[in-house]
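Survey of secondary and tertiary structure
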Amino acid sequence: MKLIILILALVSSILISSCSTDKIELSNSDKAVSEKIDSILALMTLEEKVGQMLNLGLPALLTGPFYSYRDTLVFDSAKVQQLLVEYGAGSVQNLGSFPMTPKQWNQVIEFVQTTSKAKTRLGIPVLYGIDAVHGANYTAGSVMFPHQINLAASFNTKAAEQVGAITAYELRASHIPWNYAPVLDVARHPMWGRIFESFGEDAYVASQLGAAYIRGQQGSDPSANDKVLACAKHFIGYGASYNGKDRSPILMSENYIRQVLLPPFQEAIENGLLSVMISSGALNGVPSHIDHFLITGLLKGELGFKGVVITDWGDVDGLHAVHKVAANEREAVKLSVLAGIDICMEPYDASFATHLIELVKSGEVPMSRIDDAVRRVLYLKFKAGLFNNPSLYEVEYPNFASKETDSLNHQMACQSITLLKNEASVLPLNKKSRILVTGVSSNSINYLNGGWSRTWSGQDTSYNDKGKLTILQAVQQKIGSNQVCYAPGTGYVDGDFINEAVAKARPCDVIVACVGEKPATEKPSDIDELDLPEIQQELVLRLAETGKPVILVMVQGRPRIIRYIEPKVKGIVMAYLPGNEGGRAIADVLFGDVNPSGKLPYTYPRNSGSLWAYDHQLSDERDVNFGLAGFTPQYQFGFGLSYTTFEYSALKLSSDSISMTDTLKIQFEIKNSGTRNGTEVALLFVSDEVASISPAVKQLKRFERIDLNPQESKSIDFFLTASDLAFVNQQNQRITEPGYFTISLADQKARFKLY
Ligand code: GLC
């Protein structure tokens with residue numbers, strides 16, 4: 001009988017011995033696992049070890065050309081034999097090209113598992129990974145939540161945790177135990193096409209929401225049948241390229257990296273993160289995939305990360321083909337593995353494994369590095385529960401795509417929508433009005449969902465879920481179709497149907513102009529201009545000329561510049577990419593069934609030459625007159641209106657000076673001074689008045705959503721300690737300097753001294 005039996009026997013027995021120093025240091029409860037890993041490792045050949053480091057794209061195992069399948073998948077037995085059996089690929093990822101039902105996913109993954117178990121010598125289970133970035137988006141019928149940027153706009157940590165948990169449940173229902181999410185890139189360039197996948201421009205928001213998402217996804221035991229492994233990405237700087245394009249160079253000091261980009265990853269590791277994906281970009285000239293300092297020094301060393309480091313898609317080949325830091329693929333494999341890569345996401349073939357076997361045989365890559373990588377991979381598989389029950393076939397998932405998750409999804413979309421303008425209280429609209437709904441995003445489920453929705457680009461309409469409403473359909477449902485006119489208006493960057501829209505606007509009372517961005521991610525999401533496409537601006541200007549009030553609804557990940565059209569419209573609703581329930585949520589906000597409570601998770605620029613984040617340095621605010629009026633974004637980070645009003649008062653500090661070991665209590669009153677229920681997101685900023693490194697003008701330190709009935713007041717407490725006031729100094733150490741700090745909460749300010 002096969003060695004599978006031997007492995008299972010080893011796995012089920014608990015052995016106790018001490019760990020040697022070159023191993024992953026495990027917690028006490030993990031020590032038994034460490035022993036099991038040692039036992040398996042001792043049985044493995046070099047080829048089998050390298051196989052565990054290989055992560056294949058599913059299409060590499062299928063018949064026919066890549067991504068040519070529409071509704072069935074056919075495994076190619078020769079490819080399966082070669083890649084899964086002979087090379088013994090340890091993990092497989094991605095979809096064939098169409099979203100499969102949980103049942104189809106079960107069949108596919110069961111085939112992969114049983115083949116690997118039955119036909120490889122050791123029968124080590126395969127780890128299946130997927131990008132489930134707003135729900136289990138590649139499983140047909142799953143809940144598709146708003147994207148991460150919407151979660152950030154809701155400033156709702158609990159919602160991020162719930163999204164993580166439901167995504168994990170629906171992934172397990174699909175048999176998938178490993179999720180390439182969340183994105184923890186701090187989005188520092190407004191042009192970046194993947195902003196919608198991030199938690200926005202602030203490190204603290206990304207840290208808090210990212211950690212919550214990971215807790216929801218992994219729980220205390222990722223092997224549970226409703227939990228999965230998280231993979232935070234993309235380490236590091238991917239959302240901060242110098243030109244705002246995808247996979248472009250990042251030019252950045254180590255100081256800035258530690259101050260702004262690292263905290264979300266650090267927080268995630270402290271919250272049990274088990275895998276990290278590396279950024280495809282080059283940081284200060286060094287592609288991160290070969291950056292030993294970054295992967296082995298900083299991530300695995302300094303941050304003490306015990307999990308697996310995986311490359312991004314085809315990025316080892318990219319070291320030779322694009323980055324030009326390796327003379328050939330062989331050298332690329334060598335450099336990346338020596339830098340600390342544990343798994344190579346090699347979508348197409350097993351050339352990574354062939355090269356790596358040779359490199360170990362020739363002594364260019366030491367066996368100890370391979371053992372370290374394989375230990376980490378096996379550890380991940382144990383954590384996913386694969387050795388106990390590789391497939392969990394018999395488990396039922398009755399809550400998959402349930403009514404409750406749909407309603408939660410709707411609530412999350414509602415909480416994220418951000419009201420940016422409401423001149424003369426034009427909103428909420430009267431349900432008796434006659435409305436023209438127009439614009440490229442007005443009648444599209446795909447625009448609401450964006451990229452990573454049933455397909456990678458999210459553009460294929462044939463996989464849209466039945467029963468989900470576009471903005472137009474939701475408005476029709478709410479006020480009756482006979483009161484609603486529709487005209488497409490424009491395409492994304494072309495398609496001029498403006499005359500028709502203007503003609504249809506004339507008999508209407510109000511115009512709802514829905515603009516936005518065509519679904520896309522990665523390279524296809526690159527843009528050359530941040531301005532909203534000209535044709536869409538033209539539509540808004542022409543509609544405004546009718547004299548009817550125009551409400552602009554923006555369905556887009558990025559803050560596309562609207563400087564020219566903003567003065568012409570009466571109301572502006574930012575929906576970001578609100579997901580499958582987005583149409584309903586937008587209609588609810590437009591007609592006042594929901595009071596908007598989202599706040600911008602990034603600075604909304606006015607001009608494409610002024611792209612600063614809110615936590616810039618004061619010198620960024622210098623203007624042409626040498627004054628300090630040079631920071632004039634369209635909307636500030638954290639901006640967002642409500643249909644009610646809130647008053648802040650009585651900001652009080654527990655002391656006007658604290659020591660390095662004290663805790664400062666910050667207390668304030670908040671009142672709903674209007675006439676309807678509302679939720680305010682209170683944002684507490686701190687400004688370090690003077691520091692040895694020019695400080696940010698302010699930094700977000702705490703936030704909270706506060707529900708208030710009309711005329712209700714609440715007293716809120718926040719607490720800060722000296723560590724909240726720390727920054728990274730010139731020697732790249734995190735330190736706290738004594739001095740004066742200012743707290744600001746809306747219009748309230750208070751000052752204290754740290755000694
Ligand atoms: C990509 C993306 C990454 C994703 C991976 C697998 O190229 O950059 O975010 O997880 O492919 O699909």
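The residue numbering used here restarts from 1 in each chain and proceeds along that chain's sequence as written. Thresholds applied to this predicted model are a pLDDT of at least 70 for local features of residues and 80 or more for the giving and counting of side-chain atom pairs; totals over whole chains, interfaces and linings are not thresholded and use all residues. Think of the side-chain values as coming from all heavy atoms in the structure, minus any hydrogens and water.

**Remarks on the packing of aromatic side chains**
Rules: Aromatic rings from Phe, Tyr and Trp, taking only the six-membered ring of Trp, are treated as a pair when their centres fall within 6.5 Å; an angle between ring planes under 30 degrees marks them as stacked, one over 60 as edge-to-face, and anything in between as tilted. The numbering of helices and of strands both runs from the N terminus, where a helix is a DSSP run of H or I of at least 4 residues and a strand a run of E of at least 2. Note on classification: 1.4 Å probe, protein chains only; a residue is buried when its accessible area is under 20% of the maximum for its type, exposed when over 50%, partly exposed between these limits. Geometrically, a lysine NZ or arginine CZ counts as sitting over a ring once it is within 6 Å of the ring centre and also within 35 degrees of the ring normal.
In total, this model carries 22 aromatic pairs according to the counting rule given. Seen from their ring centres, tyrosine 604 and tyrosine 635 are 5.8 Å apart, and the 85° between their planes marks the pair as edge-to-face. Of the two residues, tyrosine 604 sits in the loop between α21 (582-590) and β18 (646-653) while tyrosine 635 sits in the loop between α21 and β18, which places them 31 residues apart along the sequence. In this structure, tyrosine 604 and tyrosine 635 share a single accessibility class: buried. On the basis of an interplanar angle of 65° and a centroid distance of 5.6 Å, the ring pair of tyrosine 614 and phenylalanine 685 is categorised as edge-to-face. In this pair, tyrosine 614 sits in the loop between α21 and β18 while phenylalanine 685 sits in strand β21 (residues 678-688), placing the two residues 71 residues apart along the sequence. Assigned by exposure class, tyrosine 614 and phenylalanine 685 land together as buried. Aromatic rings pair up to connect Phe155, Tyr204, Tyr614, Phe637, Phe685 and Phe703 into one cluster. A cation sits over an aromatic face here: lysine 233 above tryptophan 452, 5.5 Å from the ring centre. Between the NZ or CZ atom of arginine 751 and the centre of the ring of tyrosine 740, over which it lies, the distance is 4.1 Å.

**A short note on empty space enclosed by the protein**
How we decide: Each cavity reported here is a set of points on a 1 Å grid over the protein atoms alone in which a 1.4 Å probe fits but cannot get out, each pocket an open set with protein on both sides within 12 Å along at least five of seven lines, and each lining residue one with an atom within 4 Å of a point. Grid points are joined across faces, edges and corners, and a volume is the space filled by probe spheres set on the points. Gly is placed with the polar residues, together with every amino acid not listed as nonpolar (Ala, Val, Leu, Ile, Met, Phe, Trp, Tyr, Cys and Pro) or charged (Asp, Glu, Lys and Arg).
Per the stated rule, a full pass over the model turns up five cavities of 30 Å³ or more. The volume enclosed by the largest cavity comes to roughly 70 Å³. Every residue lining the largest cavity is listed: Ala187, Arg188, His189, Pro190, Ile195, Glu201, Pro559, Tyr602, Thr603, Leu611, Trp612 and Ala613. A breakdown of the residues in the lining of the largest cavity according to their chemical character gives eight nonpolar, two polar and two charged. Its boundaries defined by the atoms lining it, the second largest cavity holds a volume of some 60 Å³. Lining the second largest cavity, in full, are Pro190, Thr603, Pro605, Arg606, Asn607, Ser610, Trp612, Phe631, Thr632 and Pro633. Here the residues of the lining of the second largest cavity are counted per class, giving five nonpolar, four polar and one charged.

**So, the nonpolar core**
To be explicit about the condition: Buried residues of nine kinds, namely Ala, Val, Leu, Ile, Met, Phe, Trp, Tyr and Cys, make up a nonpolar core once their side-chain atoms join them within 4.5 Å. We call two residues in contact when some of their heavy atoms are within 4.5 Å.
Counting 218 residues, the largest nonpolar core has Phe235, Leu356, Leu543 and Leu590 as its most contacted members. Ranked by the residues each element gives to this core, the list is headed by helix α15 (residues 367-383), at eight residues. Those residues in contact with phenylalanine 235 that lie beyond four places of it in its chain are Leu262, Phe265, Val276, Met277, Ile278, Ser279, Ser288, Leu294, Leu298 and Leu299. Core analysis: the next-biggest nonpolar cluster, separate from the first, contains 25 residues, Leu651, Ile706, Leu720 and Leu725 among them.

**Some words on the site of the ligand**
Our working rule: Any residue with a heavy atom lying within 4 Å of a molecule or strand is counted as near it. Polar contacts here mean pairs of N or O atoms no more than 3.5 Å apart (in protein, one a potential hydrogen donor and the other a potential acceptor; neighbouring residues in sequence count only if both atoms are side-chain atoms). The accessible surface values rely on the Shrake-Rupley method and a 1.4 Å probe; as for residues, cover is taken only from the protein chains in view.
Surveying the vicinity of the ligand reveals 13 residues, the closest of which are Asp131, His234, Arg247, Asp312 and Glu522. Asparagine 94 places a side-chain nitrogen or oxygen 3.0 Å from an oxygen atom of the ligand. Residue aspartate 312 places a side-chain N or O atom 2.5 Å away from an oxygen atom belonging to the ligand. Protein chains bury 97% of the 310 Å² of accessible surface belonging to the ligand in isolation. Here the shell around the ligand is built from residues that sort into five nonpolar, two polar and six charged.

**Description of unusual backbone geometry**
Geometrically, the link from lysine 233 to histidine 234 is a cis peptide bond, its omega value of 0° lying close to zero. Position of histidine 234 relative to the elements: it lies in strand β6 (residues 232-235). Here the phi dihedral of phenylalanine 155 falls at roughly 45°; this positive angle occurs in a residue that is not glycine. In this fold, phenylalanine 155 is placed in the loop between α6 (148-154) and α7 (157-173). Assessed through its relative accessible area of 2%, phenylalanine 155 is described here as buried. The phi torsion at alanine 746 lies on the positive side, around 50°, for a residue other than glycine. Inspection of the secondary structure puts alanine 746 in the loop between β26 (739-745) and β27 (748-754).

**Re the side chain of serine 336**
Its location among the elements puts serine 336 in helix α13 (residues 329-339). A polar contact of 3.1 Å, which involves the side chain of serine 336, links it to the backbone oxygen of valine 333. Filtering out sequence-adjacent residues up to four positions away, serine 336 remains in contact with His289, Ile290, Val316, Leu319 and Ile341.

**Some words on the sheet that holds strand β5 (residues 229-230)**
So the rule is basically this: Only strands joined by at least two bridges in the DSSP assignment are considered to pair.
Here six strands make up an open sheet; going across it, the order is β5-β4-β3-β2-β1-β11 and the pairing parallel. Single-partner strands in this sheet number two, and they are β5 and β11 (344-346). With three bridges connecting them, strand β1 (residues 54-57) and β11 associate as parallel partners. In the sheet register, asparagine 55 faces β11, and the bridge partner there is methionine 345.

**Regarding the domain arrangement of the protein chain**
As a reminder of what qualifies: For the domains described, the bounds stem from an automatic or database domain assignment.
Split by domain assignment, the protein chain resolves into domain 1 (2-383), domain 2 (403-590) and domain 3 (644-754). Inter-centroid distance (C-alpha atoms) of domain 2 to domain 3 is 35 Å.

**Brief notes about the confidence of the model for the protein chain**
Selection rule: The pLDDT value tells you how sure the predictor is about a given residue, anywhere from 0 up to 100.
Considering every residue of the protein chain, the mean pLDDT works out to 94; 95% of them sit at 70 or more. Segment residues 1-24: pLDDT under 50, and 44 contacts once partners within four positions in sequence are set aside and those in other chains are kept.

**Details of the sheet that holds strand β7 (residues 275-278)**
In sheet architecture, strand pairing relies on hydrogen bonds along the backbone and comes in two forms, parallel and antiparallel. So the rule is basically this: Note on geometry: axes are lines fitted to C-alpha atoms, helical ones only across the stretch in contact, with angles between N-to-C directions running from 0 to 180 degrees.
Taken in spatial order, the three strands make up an open sheet running β6-β7-β10, and their pairing is parallel. Here the strands that pair on one side only, and so sit at the sheet edges, are β6 and β10 (308-310). For this sheet the average axis-to-axis angle between neighbouring strands, irrespective of direction, equals 30°. Pairing of β6 with β7 involves three bridges; the strand directions are parallel. Counterpart to phenylalanine 235 in the pairing with β7 is isoleucine 278.

**Description of the pairing of strand β16 (residues 550-555)**
Here is the rule we go by: If the strands point away from the viewer and the path from the first strand over the helix to the second runs clockwise, then the crossover is right-handed.
Counted residue by residue, β16 has six buried out of six residues, so it is predominantly covered. Residues of β16 alternate between two faces, with Val550, Leu552 and Met554 on one and Ile551, Val553 and Val555 on the opposite face, all of them buried. Both strand β15 (residues 510-516) and β16 contribute to a ladder of six bridges, which runs parallel. For isoleucine 511, the partnering residue across the bridge sits in β16 and is valine 550. Handedness of the crossover joining β15 and β16 through helix α20 (residues 534-544) is recorded here as right-handed. Direction of pairing for β16 relative to strand β17 (residues 571-574): parallel, over a ladder of four bridges. Its bridge partner being in β17, isoleucine 551 is matched across the sheet by glycine 571.

**Structural notes on the pattern of salt bridges**
Our working definition: One side-chain nitrogen of Lys or Arg within 4 Å of one carboxyl oxygen of Asp or Glu is enough to make a salt bridge.
Inspection of the entire model under this criterion finds 39 salt bridges. Close ionic contact of glutamate 161 with arginine 215 constitutes a salt bridge, the shortest N to O distance being 3.9 Å. One end of the pair, glutamate 161, is in helix α7; the other, arginine 215, is in helix α8 (residues 203-218), with 54 residues separating them in the sequence. Looking at arginine 215, the relative accessible area reads 34%, which means it is partly exposed.

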